[in-house]
Amino acid sequence: MIIDCHGHFTTAPAELEEFHGALLEPGADVAALSAAGPRGLSDDQVREAIEPEQLRLQRERGIDMTLFSPQASAMAHHRGDPQVSAAWTRACNDLIHQVSRLYPDRFVPVCQLPQSPQAAPADCVAELRRCVEELGFVGCNLNPDPSGGYWTGAPITDRSWYPLYEAMVELDVPAMIHVSGSCNPNFHTTGGYYLAADTTVFMTLLSSRLFRDLPALRLILPHGGGAVPYHWGRYRGLAQDLGYPPLEDSVLNNLWFDTCLYGYQGVRLLTEVIPTRNILFGSEMIGAVRGIDPVSGHAYEDTKRYIEAAPGLDEDSRAAIYAGNALRVYPRLVGRVAEEAAGRGR
């Protein structure tokens, strides 16, 4: 079985973004708009948005199931105030739930959080509980920089984040660390900001006591961990020089990396440097890079091809990356997989 841990609804109906625009209008009655929800978004509209691209490519590339969340660059936590973020987040998460209801064997819901530079991380707990306990979500995306590229808030290892982490541990759900759109002209959103954030967060985690305080907390670094695998020796050396435990003890019991690297060399490096038990299959399909590689003739984001070609992986290692590790990191996913397997057997 192949479980893609990194999928976003990048082909959502236009009515969703129209709703966001209405929320951001000066003088908008956010409470009334939120109560009414986005206009339209019928089941048929959702099917039309999912089937021609997301579902088609999922089937063509041999992916059985995708952990599916709202479009990351559109979380836009830096736009509007906490009330706008809460209304926008709820609408986005409800749409993801709608997708998972229509395709329960294909798309498993992961939520965004109603973060804002003006709000405490603890303010996200209620929406996380709603999504997990009422709607069956199995994880969340967590933005380490709601300011959109200016890093105005406290690091994610600050104790102000602990109430959210404690709720995650209680609910037994992990978080994928994922920034949103950049409003800082120094950072291109997908080519600069995403990868810089992944790299920055790793060093923050390395130099903290977060995982000692919360040993059951589970986090995923997307996009192959940014520059982390490439500079693994640097981080091992920094941990040693600064008096922190070895990386195997300080972070690798709580941190996983996905395979959203759009070239064979990157995936090969990842699988040679990072232990197999810490790697999750991901493709971020219809995401940052959507074109065809003129050298290989295949889509850059068809990451399964790179895993199949990686020389250091045997059958058991590939099985762990494709599904086994995800079932450990996302325990609420186990029931969904069992149901899907039972459906196959009928």
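The structure this text deals with has already been given above.
Throughout what follows, the structure given in this document is the object of discussion.

1. Some thoughts on the packing of helix α4 (residues 82–102) against helix α5 (residues 125–135)
Running from amino to carboxyl end, α4 crosses α5 at an angle of 20°, the nearest separation of the two axes being 11 Å. Here α4 lies roughly parallel to α5, going by the angle between them. Relative to α5, the crossing made by α4 is right-handed. Judged by residue contacts, T89, R90, N93, D94 and H97 of α4 engage E127, R130, C131 and L135 from α5. For the contact of α4 with α5, the residue count by class is 2 nonpolar, 3 polar and 4 charged.

2. Observations regarding the packing of aromatic side chains
Applying the stated criterion across every chain, the model contains 10 aromatic pairs. Ring centres of F68 and F107 lie 4.7 Å apart, and the angle between their planes is 50°; this geometry places the pair in the tilted category. In this pair, F68 is assigned in strand β2 (residues 65–70) and F107 in strand β3 (residues 107–111), connecting sequence segments 39 residues apart. Under the relative-accessibility criterion, F68 is labelled buried at 1%. Centroid distance Y103 to F107: 6.0 Å. Interplanar angle 80°. Geometry classified as edge-to-face. Accessibility classification places Y103 together with F107 in one group, the buried group. Through pairs of rings, three or more aromatic residues link up here, namely F9, F68, Y103 and F107.

3. Description of the packing of helix α7 (residues 189–206) against helix α9 (residues 232–241)
Their axes nearest at 11 Å, the elements α7 and α9 cross at an angle of 25°. As the angle between them shows, α7 and α9 are arranged roughly parallel. The hand of the α7/α9 crossing is right-handed. Of α9, the residues touching α7 (which contributes T199, F202, M203 and L206) are W232, Y235, L238 and A239. Tallied by class, residues from the contact of α7 with α9 come to 7 nonpolar, 1 polar and no charged.

4. Examining unusual backbone geometry
In the Ramachandran plot, A76 falls in the positive-phi region, its phi being about 50° despite a non-glycine side chain. You can see A76 is positioned in the loop between β2 and α4. Judged by its relative accessible area of 8%, A76 is buried. One non-glycine residue with positive phi stands out, namely I286, at about 55°. With respect to the helices, strands and loops of the structure, I286 is situated in the loop between β8 (279–280) and α12 (304–309).

Each value, and the rule that gives it
Residues numbered from 1 in each chain as written. Predicted model: local features only at pLDDT ≥ 70, side-chain atom pairs only at ≥ 80, totals over all residues. Heavy atoms only, no water. Axes fitted to C-alpha atoms, helices over the stretch in contact; angles between N-to-C directions. Helix = DSSP H or I, 4+ residues; strand = E, 2+ residues; numbered from the N terminus. Parallel < 35°, antiparallel > 145°, perpendicular 65-115°, else oblique. Left-handed = near helix turned anticlockwise from the far one by under 90°. Contact = heavy atoms within 4.5 Å. Nonpolar A, V, L, I, M, F, W, Y, C, P; charged D, E, K, R; others polar. Phe/Tyr/Trp six-rings, centres within 6.5 Å; stacked < 30°, edge-to-face > 60°. Buried < 20%, exposed > 50% of the residue type's maximum accessible area, 1.4 Å probe, protein only.

So yeah, pure geometry; function would need other evidence.
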